[in-house]
Amino acid sequence: MLTDQGFVRLGSCKIDRTARICSGAIIGKPFRPLLVSEDKDAQRETIIGPDAYVGYYAIVGSGSVLSRGVIVDDHCSIESDITLGERSLIIYRAHICNEAQVGRDCVIGGLVAESVVVGDRARVFGKIVHSQHDPTLGWDAQEATELSAVLEAEAFVGFDALVIGKVVVGARAYVCAGAIVTRDVPAGHVAYSVNKIVPFKQWKGSLSQSRYFEQ
């Protein structure tokens, strides 16, 4: 049921008076039931900071923090216990999973898996996922938990790219659209195709002229 402000508020929510929440949004949504017997920890306070914006039918899970100036566009999903740094933009129906950390001034337009760390000013339009090397493990079982990827400051992941498993995408590394990456990408390198990685100075395409690689 909608509140008198036009959005759903669940559990303990602290919403700054300067924040804007659009109709149909859900703030403080508890995490879903688990497939294993253990329940997830009790619901924690959800915080929507100053000048934050949550679009129409967007979801913000319990315990998540939207810092000053964060924008979550329509239909995007922020699961539980996530921190979004100041002025970050979540667009294109992005989905960010539990306990991920997103730095300041980021743009997220893809899928970010559980516990992934995204550095300041990074941009993600592909999918950052776990490797799932043992599909026999229970989906919500503690032993199935895998270490997550880290994207350092100003890293870029293009549309439809896949970054899989516990990898580090270094500062100002560029993962091309459609690439598949299962190993570390050093700072200032370009990843393309399947695990092909070269220093940006060896890149012959138009990207070589980009200001992105200026030091």
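Going by the structure above, here's the rest.
Residues numbered from 1 in each chain as written. Predicted model: local features only at pLDDT ≥ 70, side-chain atom pairs only at ≥ 80, totals over all residues. Heavy atoms only, no water.

Colleague: Whenever I open this one, the environment of Gln-209 confuses me. Can you help?
Modeller: Counting through the fold element by element, Gln-209 comes out in the segment after strand S27 (196-199). By relative accessible area, which is 67% here, Gln-209 ends up exposed. (Helix = DSSP H or I, 4+ residues; strand = E, 2+ residues; numbered from the N terminus. Buried < 20%, exposed > 50% of the residue type's maximum accessible area, 1.4 Å probe, protein only.)

Colleague: When you look at unusual backbone geometry in this model, what are you seeing that I'm missing?
Modeller: Among all residues except glycine, the phi angle is most often negative; among peptide bonds, the trans geometry is most common. Of note, His-75 is a non-glycine position whose phi angle comes to about 65°, a positive value. Structurally, the position occupied by His-75 is in the loop between strand S9 (71-72) and strand S10 (77-78). Judged by its relative accessible area of 37%, His-75 is partly exposed. A positive phi angle, near 65°, is found at Glu-99, a position not held by glycine. Relative to the helices and strands, Glu-99 is located in the loop between strand S13 (95-96) and strand S14 (101-102). Residue Glu-99 is classed as partly exposed on the basis of its relative accessible area, which comes to 40%.

Colleague: It is not clear to me how the sheet that holds strand S11 (residues 83-84) should be interpreted in this structure. Could you clarify?
Modeller: Remark on secondary structure: sheet strands pair via backbone hydrogen bonds, oriented parallel or antiparallel. Pairing within the open sheet is parallel, and its eight strands lie in the order S2-S5-S8-S11-S14-S17-S20-S23. Lying at the two open borders of the sheet, with one neighbouring strand each, are strand S2 (13-15) and strand S23 (168-169). (Pairing = 2+ DSSP bridges.)

Colleague: Sorry if this is basic, but what is going on with the pairing of S27 here?
Modeller: Successive residues of a regular strand alternate their side chains across the two faces of the sheet. Here strand S26 (residues 189-192) pairs with S27 via four bridges, running antiparallel. Among the inter-strand pairings, His-189 is bridged to a residue of S27, identified as Pro-199. The loop that links S26 with its antiparallel partner S27 comprises three residues; one of these, Ser-193, has a positive phi angle of about 55°.

Colleague: Quick question: what am I supposed to make of the nonpolar core here?
Modeller: For soluble globular proteins, nonpolar side chains are generally found buried alongside one another. By size, the foremost hydrophobic cluster in this structure holds 47 residues, and its most contacted members are Val-72, Leu-84, Ile-90, Ile-96 and Ile-108. With near-sequence residues (within four places) excluded, Ile-90 lies in contact with Ile-71, Val-72, Asp-73, Cys-76, Ile-78, Leu-84, Ile-96 and Ile-108. Ranked by size, the runner-up nonpolar core spans 11 residues in total, among them Val-107, Phe-156, Cys-176 and Phe-213. (Core = buried A, V, L, I, M, F, W, Y, C linked by side-chain atoms within 4.5 Å. Contact = heavy atoms within 4.5 Å.)

Colleague: What exactly am I supposed to notice about the pattern of salt bridges here?
Modeller: Pairing between side chains of opposite charge can happen when their charged atoms approach one another. Overall, the coordinates contain seven salt bridges when judged by the stated rule. One salt bridge in this structure joins Asp-105 and Arg-87, with 2.8 Å as the shortest N-O distance. A residue pair is termed long-range when its members are at least 10 positions apart, and Asp-105 in the loop between S14 and strand S15 (107-108) and Arg-87 in the loop between S11 and strand S12 (89-90) qualify at 18 residues. Look at Asp-105 and you get partly exposed, because its relative accessible area is 32%. Of the residues examined, Arg-87 reaches a relative accessible area of 43% and is grouped as partly exposed. Through salt bridges with shared partners, a single network forms among Glu-86, Arg-87 and Asp-105. (Salt bridge = Lys/Arg side-chain N within 4 Å of Asp/Glu carboxyl O.)

Colleague: Would you mind showing me how to read the side chain of Asn-195 here?
Modeller: You can see Asn-195 is positioned in the loop between S26 and S27. Polar contacts involving the side chain of Asn-195 include one to the side chain of Thr-182, which spans 2.7 Å. (Polar contact = N/O pair within 3.5 Å; in protein donor to acceptor, adjacent residues only side chain to side chain.)

Colleague: Hey, could you run me through the environment of His-95 in this one?
Modeller: Assignment of secondary structure puts His-95 in strand S13. For His-95, a relative accessible area of 28% translates into the label partly exposed.

Colleague: Quick question: what am I supposed to make of the sheet that holds S10 here?
Modeller: The sheet built from nine strands is open, its strands ordered S1-S4-S7-S10-S13-S16-S19-S22-S25 with parallel pairing. Since the sheet does not close on itself, it has two edges, and those belong to strand S1 (8-9) and strand S25 (180-181), each with one partner.

Colleague: Whenever I open this one, the packing of aromatic side chains confuses me. Can you help?
Modeller: In this description, an aromatic ring pair is defined by two values, namely the gap between the centres and the angle between the planes. One pass over the structure, following the stated rule, counts seven aromatic pairs. Between Tyr-92 and Phe-159, the ring centres sit 6.0 Å apart and the planes meet at 45°, which makes this aromatic pair tilted. With Tyr-92 in the loop between S12 and S13 and Phe-159 in the loop between strand S21 (156-157) and strand S22 (162-164), this residue pair connects regions lying 67 residues apart in the sequence. The exposure class assigned to Phe-159 is partly exposed, which follows from its relative accessible area of 43%. Arranged with centres 4.8 Å apart and planes meeting at 20°, the rings of Phe-125 and Phe-159 form a pair that is stacked. Remark: Phe-159 occurs in the loop between S21 and S22 and Phe-125 occurs in the loop between strand S18 (123-124) and strand S19 (127-129); sequence separation between them is 34 residues. Through successive ring pairs, a cluster of aromatic residues spans Tyr-92, Phe-125, Phe-156, Phe-159, Tyr-174 and Tyr-212. Of note, Arg-172 hangs over the ring of Tyr-212, and the distance from its end group to the ring centre comes to 5.8 Å. (Phe/Tyr/Trp six-rings, centres within 6.5 Å; stacked < 30°, edge-to-face > 60°. Lys NZ or Arg CZ within 6 Å of the ring centre and 35° of its normal.)

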